[in-house]
Amino acid sequence: MNHGQQSGEAKHDDDAALTEFLASLMDYTPTIPDDLVEHYLAKSGFQCPDVRLIRLVAVATQKFVADVASDALQHCKARPAPVVKDKKQQKDKRLILTMEDLSKALREYGVNVKHPEYFADSPSTGMDPAARDE
């Protein structure tokens, strides 16, 4: 076989895989609804009647959101844990995801987030003021 035949077969395999993938999108229901994706695509000036393309954008968006959430969780876990004096709170090892964690994760993807100073980024936010001092 010469080089031209090999690249032609590879292109045929790629085309077949793409066709199969696009067909599978018709049976897939993404987490992000088609109407929502269509709305934001239309808002940005893009309109497409092909449902497969709408779902492809939804799947890509879902992956992006999952990756950012995973990275934000890693930033949250890397943060030093606050010192807790209460034994009841020591047993509760829930993580608190902050805007700082989310901002760091988004920055890795080229998205810079600016948020007002009044956002609640402290684990003690929402607690009874008397409990904060303990």
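These notes cover the structure that comes with them. Keep in mind it's a predicted model, so treat the numbers as computed, not measured.

## Some details on the overall build of the chain
When its secondary structure is counted, the chain shows 6 helices and 0 strands. Out of the 134 residues in the chain, the part that is buried amounts to 13%. Taking as baseline every contact in the chain between residues at least 6 positions apart, the subset at least 24 positions apart corresponds to 55%. With an accessible surface of roughly 10700 Å², the chain has 57% of that area assigned to carbon and sulfur atoms.

## Thoughts on the packing of aromatic side chains
A complete count under the given rule lists 1 aromatic pair for this structure. Centre to centre, the rings of Phe-64 and Tyr-109 are 5.5 Å apart; their planes meet at 80°, and the pair counts as edge-to-face. Taken together, the residues Phe-64 in helix α3 (residues 51-78) and Tyr-109 in the loop between α5 (99-107) and α6 (129-132) connect sequence positions 45 residues apart. The class of Tyr-109 is partly exposed, set by a relative accessible area of 35%.

## Some details on the pattern of salt bridges
Note on pairing: side chains with opposite charge can pair once their charged atoms come close. On inspection of all chains with the given rule, the structure shows 5 salt bridges. Across the pair Arg-52 and Asp-50 runs a salt bridge whose closest N-O atoms are separated by 3.0 Å. The class of Arg-52 is partly exposed, set by a relative accessible area of 29%. Lys-104 serves as the salt-bridge partner of Glu-100, at 3.3 Å between the closest nitrogen and oxygen. Of this pair, Glu-100 and Lys-104 both sit in helix α5, 4 residues apart, which is roughly one turn of that helix. Residue classification places Glu-100 among the partly exposed positions, given a relative accessible area of 42%. A residue is classified by how much of its surface remains accessible, and Lys-104, at 32% relative accessible area, is partly exposed.

## Notes on the environment of Ala-81
Its place among the elements puts Ala-81 in the loop between α3 and α4 (87-91). Separated by 14 residues in sequence, Ala-81 and Leu-95 place their C-alpha atoms 9.1 Å apart.

## A short note on the side chain of Asp-101
Mapping Asp-101 onto the fold places it in helix α5. Looking at Asp-101, the relative accessible area reads 2%, which means it is buried.

## A short note on the nonpolar core
Core analysis: the largest hydrophobic core is formed by 5 residues, namely Ile-32, Val-37, Leu-41, Ile-54 and Ala-58. Val-37 has contacts with Ile-32, Ile-54, Val-57 and Ala-58, leaving out every residue within four places of it along the chain.

## Overview of the packing of helix α2 (residues 34-43) against α3
Between α2 and α3, the least distance of the axes is 9 Å, while the angle of their chain directions is 90°. Judged by the angle between their axes, α2 and α3 are roughly perpendicular. Residues Asp-34, Val-37, Glu-38 and Leu-41 of α2 touch α3, and the partners they reach there are Val-51, Ile-54, Arg-55, Val-57 and Ala-58. Split by residue class, the contact of α2 with α3 holds 6 nonpolar, no polar and 3 charged.

The rules we used
- Residues numbered from 1 in each chain as written.
- Predicted model: local features only at pLDDT ≥ 70, side-chain atom pairs only at ≥ 80, totals over all residues.
- Heavy atoms only, no water.
- Helix = DSSP H or I, 4+ residues; strand = E, 2+ residues; numbered from the N terminus.
- Buried < 20%, exposed > 50% of the residue type's maximum accessible area, 1.4 Å probe, protein only.
- Contact = heavy atoms within 4.5 Å.
- Areas by Shrake-Rupley, 256 points an atom, 1.4 Å probe, with all protein chains shown as cover.
- Phe/Tyr/Trp six-rings, centres within 6.5 Å; stacked < 30°, edge-to-face > 60°.
- Salt bridge = Lys/Arg side-chain N within 4 Å of Asp/Glu carboxyl O.
- Core = buried A, V, L, I, M, F, W, Y, C linked by side-chain atoms within 4.5 Å.
- Axes fitted to C-alpha atoms, helices over the stretch in contact; angles between N-to-C directions.
- Parallel < 35°, antiparallel > 145°, perpendicular 65-115°, else oblique.
- Nonpolar A, V, L, I, M, F, W, Y, C, P; charged D, E, K, R; others polar.

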